[in-house]
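Summary of the model geometry
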Amino acid sequence: MMALFKRTAPPIQTSLEIGIRLGWQGWLDNLLAHPVRHAIQMLAIALGVALGLAVHLIHASALDSFAAGGRQFSGTADRGIRGPKGGFDVQVADRLLQQPEIDLVSPVVELDVALTGLDKPVRWLGVDFMRAAGITPHLIGQTDDADDFFDTHAVFLSPALLLRLQRDIGEILVAEGPDGSVRWRIAGRLTQAPADSLMVVSDIAAAQWRWNVGTLVQRIDIKATEGVPSAALDNTLNAALEPGLWLDNPDEAGSRGAAVSRAYRVNLTILALVALLTGGFLIYATQTLAAMERNRQWALLNALGADPQVIQAQVLTEAVLSGVLGSLTGLGLGIAAASVILGLLGADLGSGFFQGQKPSLIGPPVHIAPFFALGMACCLLGAWRPAREAAAPSP
């Protein structure tokens, strides 16, 4: 009979659970009592997280655009020979082809040409279609008439450029050359061109003649003989290079893109860290001031024998709540800022490296999470000392 009337003991709450509950209530009370103070500290954390995340997203998109640009113009070429913008003699390609390590070479005329109907020049490539088929097949246009590849008036346009110009197959394309306007016939489209690239491809002889560049080319795409190691190919090419020419490795596009953007990335990242540290300092100042305002409360709890961990957990919980709101706000602002900047200026921030490419926002959750964690870490570091001081017994 005694067992029927046995009372169940209430669940025992740990010091951490009590501190978190008190911290939640204390944070709400302080937020309502001092909204401006809390808004400023959360804004500082948000700005630091937003700036750091935006820099990361823009940099990732720049690297992606740089690599896409390299794939767009290099195709499956193992290496490339580049020279000055004015070009170099095409006979270099014939001399390279005599090397046993080299299987195919494809000289390319690469120019920026103004088109009627566009406000910016587009990339114009002149290729030997027979040679390019084995190295850069994406530069081979789609047409129903094979004679178009040997027609000195025929050009092939990327789908994005056809759409931008509102032109169709068989219509006339007017380009501005050194001797005036030149009329070309649109013979086909570059079906394998990247979705957003603005590009024109013509026969190399026609490009050299129409643009009055003689026998000069801007680059030579190279396909290595099967089984030749990369090191052996590089040694052969370096030995054959003439003054003013340099070796281009398409696999190193990402590294070059990182070098191009390193300066602004480092500077803006430092600025983001300064903003985060400022937010951490504001958290420290706010929590210290709040602890002084509630000094009697802490003294009473200590006198009643409260566990110091309860007070410490309460102060840290208040900082965590501010950090969560500030960091989440910063993530949203960072993603929005990166989207706006990429949309207005592009991944190159308006410098013109990636003309004709529409950048995409690169940022999987695994890359975004560290910025949230960094904002939280600054809040906890800023509140750590005030929490210990509040939990210390009064003398």
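Before reading on, note that the structure itself is shown above.
Parameters and conventions
Residues numbered from 1 in each chain as written. Predicted model: local features only at pLDDT ≥ 70, side-chain atom pairs only at ≥ 80, totals over all residues. Heavy atoms only, no water. Helix = DSSP H or I, 4+ residues; strand = E, 2+ residues; numbered from the N terminus. Buried < 20%, exposed > 50% of the residue type's maximum accessible area, 1.4 Å probe, protein only. Areas by Shrake-Rupley, 256 points an atom, 1.4 Å probe, with all protein chains shown as cover. Phe/Tyr/Trp six-rings, centres within 6.5 Å; stacked < 30°, edge-to-face > 60°. Patch = residues over 30% accessible without salt bridge, like charges linked within 9 Å, V, L, I, M, F, W, Y side chains within 5 Å. Salt bridge = Lys/Arg side-chain N within 4 Å of Asp/Glu carboxyl O. Core = buried A, V, L, I, M, F, W, Y, C linked by side-chain atoms within 4.5 Å. Contact = heavy atoms within 4.5 Å.

1. Focus on the overall build of the protein chain
- The helix and strand tally for the protein chain stands at 11 helices and 11 strands.
- Counting all 395 residues of the protein chain, 42% fall into the buried class.
- Approximately 20,500 Å² of the protein chain is accessible, and the part contributed by carbon and sulfur atoms is 62%.

2. Side note on the packing of aromatic side chains
- This model, assessed by the stated rule, comprises six aromatic pairs.
- Consider the rings of Phe129 and Phe156, whose centres lie 5.7 Å apart with planes at 75°: the pair is edge-to-face. With Phe129 in helix H4 (residues 129–132) and Phe156 in strand S5 (residues 154–157), this pair connects stretches of sequence that are 27 residues apart. The same class applies to Phe129 and to Phe156, which are both buried.
- For the pair Phe149 and Phe156, a centre-to-centre distance of 5.3 Å together with 25° between the ring planes defines the contact as stacked.

3. Concerning a nonpolar patch on the surface
- On the surface, a nonpolar cluster with roughly 330 Å² of combined accessible area is contributed by Val266, Ile270, Leu271 and Val274.
- Note that Val266 resides in helix H8 (residues 253–293).
- A relative accessible area of 38% places Val266 in the partly exposed class.

4. Considerations on the nonpolar core
- Residues Leu115, Trp124, Trp211 and Ile220 are the most contacted members of the largest nonpolar core, which totals 39 residues.
- Leave out the neighbours within four places in its chain, and Ile220 touches Arg79, Gly80, Ile81, Phe88, Val92, Ala93, Leu96, Val105, Ser106 and Pro107.
- Leu276, Ile283, Leu342 and Ala383 belong to the second largest nonpolar core, which has 20 residues in total.

5. Re the pattern of salt bridges
- All chains considered together, the criterion is met by 12 salt bridges.
- A salt bridge links Asp128 to Arg131; the shortest N-O distance between them is 3.9 Å.
- The salt bridge involving Arg185 is made with Asp151; its shortest N-O contact spans 3.0 Å. Of this pair, Arg185 sits in strand S7 (residues 180–189) while Asp151 sits in the loop between H4 and S5; the two residues are 34 residues apart in sequence, bridging distant segments of the chain.
- Three or more residues are tied together by salt bridges with common partners; here these are Arg82, Glu110, Asp112, Arg123, Arg219, Asp221 and Asp248.

Read these as spatial facts, not as claims about activity.
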